[in-house]
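Notes for the structure review
Read off the chains here:
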Amino acid sequence: MTMELTDIRLIEEIKRLKKEKNAIVLAHNYQIPEIQDIADIVGDSLKLSQEAVNVDADIIVMSGVHFMAESVKILSPEKKVLLPVYDAGCPMADMVDVDGLREFKKKHPNAPVVCYVNSSAEVKAESDICCTSSNAVNIVKSLDSDKVLFVPDKNLGNYIQTQVPEKEIIVWEGFCITHHRVNPQEIDAVRQQHPDAPVLAHPECRPEVVAKADFVGSTSEIIKKAGKMENKSFVIGTEMGVLHQLRTNNPGKKFYLLSPALICFNMKKTTLKDIYNALLKEEKEIFVKEEIQRGALKSLQRMLQVK
Ligand code: 13P
Ligand code: SF4
């Protein structure tokens, strides 16, 4: 990675501002390499939620997409939470709203609602418990009910169904526009090209893709698994941002992206300049209405309590 002089200057300024303002930068594994390198903590959605509770800072800059910054604010309402690019959103999170969810609940009364963290604060407040891709199976198993409603990701919901066959999972028809683009023929093609490389895929991929993968897990689980496996090459079935850590941590291994379509444009909107501006001006602050915050907090806290 070559760095422009302006980037070096920006990094120095970001470091200075973080210290001066007792601020930290959290970044998701899909952020651009330069941001992952300056972040205090880089992780998957579960790790970022856990850190939001634990960190001792006055300002948290959440480099990721809107629902992530909102979750940080819900979990740490006393802190100033900044999202450097306000319109970095998650199209899947926008596929379910409170009115739709209420109708869904009416159709299936008495079934608890498990809500993927890729959702708005309002939807979280209307749900019983949240989950991320790394704890979804355990969360559903922990519920004392044979039937569960799952929003908004039908692909993750279908994956959970394969892992928890004893329960009926009724899924909302949402999906990640990035992972949903991958098709199973791409796995067949890549296996021909790289026959010794295991395919590690995210559960947001379609069921036909997940069924052909050798390992299924969250972004951090994929990074961890590739580090532990002895193979020398891997095919990665999640957004290209994870390649940075995979390649940095494993210089002797090769990583191929399952599909060129695995790029999330919302995750790529934030630049070093945006982080600098957020810290300097303390703009782009995230607010959540008090009653929504309280409801959403319950769902997130229930999730964090499940072991
Ligand atoms: P995880 O990092 O929790 O696997 O989430 C993936 C994702 O798509 C976030 O938007
Ligand atoms: Fe949303 Fe998918 Fe992008 Fe994650 S990768 S932010 S789920 S669109």
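Just above sits the structure.
Not measured: the values here are computed from a predicted model.

**Overview of the overall build of the protein**
A tally of helices and strands in the protein yields 14 helices and 12 strands. A compact globule built from 307 residues would reach a C-alpha radius of gyration of about 19 Å, and the protein, at 19 Å, matches this within 12%. Taking the principal axes of its C-alpha atoms as reference, the protein extends roughly 55 × 55 × 30 Å. Within the protein, the proportion of its 307 residues that are buried is 59%. When contacts within the protein are restricted to residue pairs at least 6 apart in sequence, long-range pairs at least 24 apart make up 63% of them. Working note: accessible area of the protein is about 13800 Å², and carbon and sulfur atoms make up 49% of it.

**Focus: the packing of aromatic side chains**
Inspection of the entire model under this criterion finds 2 aromatic pairs. Ring geometry for Phe104 versus Trp172: centroids 5.2 Å apart, planes at 80°, classification edge-to-face. With Phe104 in helix H5 (residues 98–107) and Trp172 in the loop between strand S8 (168–171) and helix H9 (184–193), this residue pair connects regions lying 68 residues apart in the sequence. We note that Phe104, like Trp172, is buried.

**A closer look at the packing of helix H3 (residues 45–54) against helix H4 (residues 66–75)**
Taken N-terminus to C-terminus, the directions of H3 and H4 make an angle of 30°; their axes are 8 Å apart at the nearest point. Viewed along their axes, H3 and H4 form a crossing whose handedness is right-handed. In contact with Ser45, Leu48, Ser49, Ala52 and Val53 of H3, H4 contributes Met68, Val72 and Leu75.

**Thoughts on the site of ligand 1**
Taken together, 13 residues form the shell around ligand 1, and within it His28, Ser45, Ser133, His202 and Thr219 come nearest. Here His28 contributes a side-chain N or O atom positioned 2.6 Å from an oxygen atom of ligand 1. Contact between ligand 1 and Thr219: an oxygen atom at 2.6 Å from a side-chain N or O atom of the residue. Coverage of ligand 1 by the protein chains reaches 96% of its 310 Å² of free accessible surface. Taken together, the residues that form the shell around ligand 1 break down as 4 nonpolar, 7 polar and 2 charged.

**What to know about the sheet that holds strand S3 (residues 59–63)**
Sheet architecture is open: 4 strands sit in the order S2-S1-S3-S4, paired in parallel fashion. The open sheet is flanked by strand S2 (41–43) and strand S4 (80–82), the only strands paired with a single partner. Within this sheet the neighbouring strands show an average axis-to-axis angle of 20°, counted without direction. The strands touched by H4 are strand S1 (23–28), S3 and S4; relative to S3, the strand with the most contacts, the crossing angle is about 155°.

**A short note on the sheet that holds strand S6 (residues 129–131)**
Pairing within the open sheet is parallel, and its 4 strands lie in the order S6-S5-S7-S8. Lying at the two open borders of the sheet, with one neighbouring strand each, are S6 and S8. Each strand of the sheet is rotated relative to its neighbour by a mean of 30°, with strand direction disregarded. As judged from the 3 bridges shared by strand S5 (residues 113–116) and strand S7 (residues 147–151), these two strands associate in the parallel manner. Looking at the pairing, Val113 lines up with Leu149 of S7. Across the sheet, H5 lies against S5, S7 and S8, angled at about 165° from S7, the strand it touches most.

**Comments concerning the nonpolar core**
A general tendency of soluble globular proteins is for nonpolar side chains to be buried together. Of all hydrophobic cores here, the largest spans 91 residues; its most connected members are Val114, Phe150 and Ile236. The element contributing the most residues to this core is H4, with 6 residues. Aside from chain neighbours lying at most four places away, what touches Phe150 is Phe104, Val114, Tyr116, Cys131, Leu156, Gly157, Ile160, Ile169, Ile170, Val171 and Trp172.

**A word on helix H14 (residues 290–305)**
If you check H14, its first and last C-alpha atoms are 22 Å apart, about what 16 residues at 1.5 Å a residue would give, namely 22 Å. Residues of H14 that are buried: Ile292, Gln293, Gly295, Ala296, Leu297, Ser299, Leu300 and Met303. Packing partners of the buried residues in H14 comprise H3, H4, helix H6 (121–125), S6 and helix H7 (136–142).

Analysis parameters
Residues numbered from 1 in each chain as written. Chains lettered and ligands numbered in written order. Predicted model: local features only at pLDDT ≥ 70, side-chain atom pairs only at ≥ 80, totals over all residues. Heavy atoms only, no water. Helix = DSSP H or I, 4+ residues; strand = E, 2+ residues; numbered from the N terminus. Rg over C-alpha atoms; globule rule 2.2 N^0.38 Å. Buried < 20%, exposed > 50% of the residue type's maximum accessible area, 1.4 Å probe, protein only. Contact = heavy atoms within 4.5 Å. Areas by Shrake-Rupley, 256 points an atom, 1.4 Å probe, with all protein chains shown as cover. Phe/Tyr/Trp six-rings, centres within 6.5 Å; stacked < 30°, edge-to-face > 60°. Axes fitted to C-alpha atoms, helices over the stretch in contact; angles between N-to-C directions. Left-handed = near helix turned anticlockwise from the far one by under 90°. Near = heavy atom within 4 Å. Polar contact = N/O pair within 3.5 Å; in protein donor to acceptor, adjacent residues only side chain to side chain. Nonpolar A, V, L, I, M, F, W, Y, C, P; charged D, E, K, R; others polar. Pairing = 2+ DSSP bridges. Core = buried A, V, L, I, M, F, W, Y, C linked by side-chain atoms within 4.5 Å. Expected span 1.5 Å × (residues − 1).

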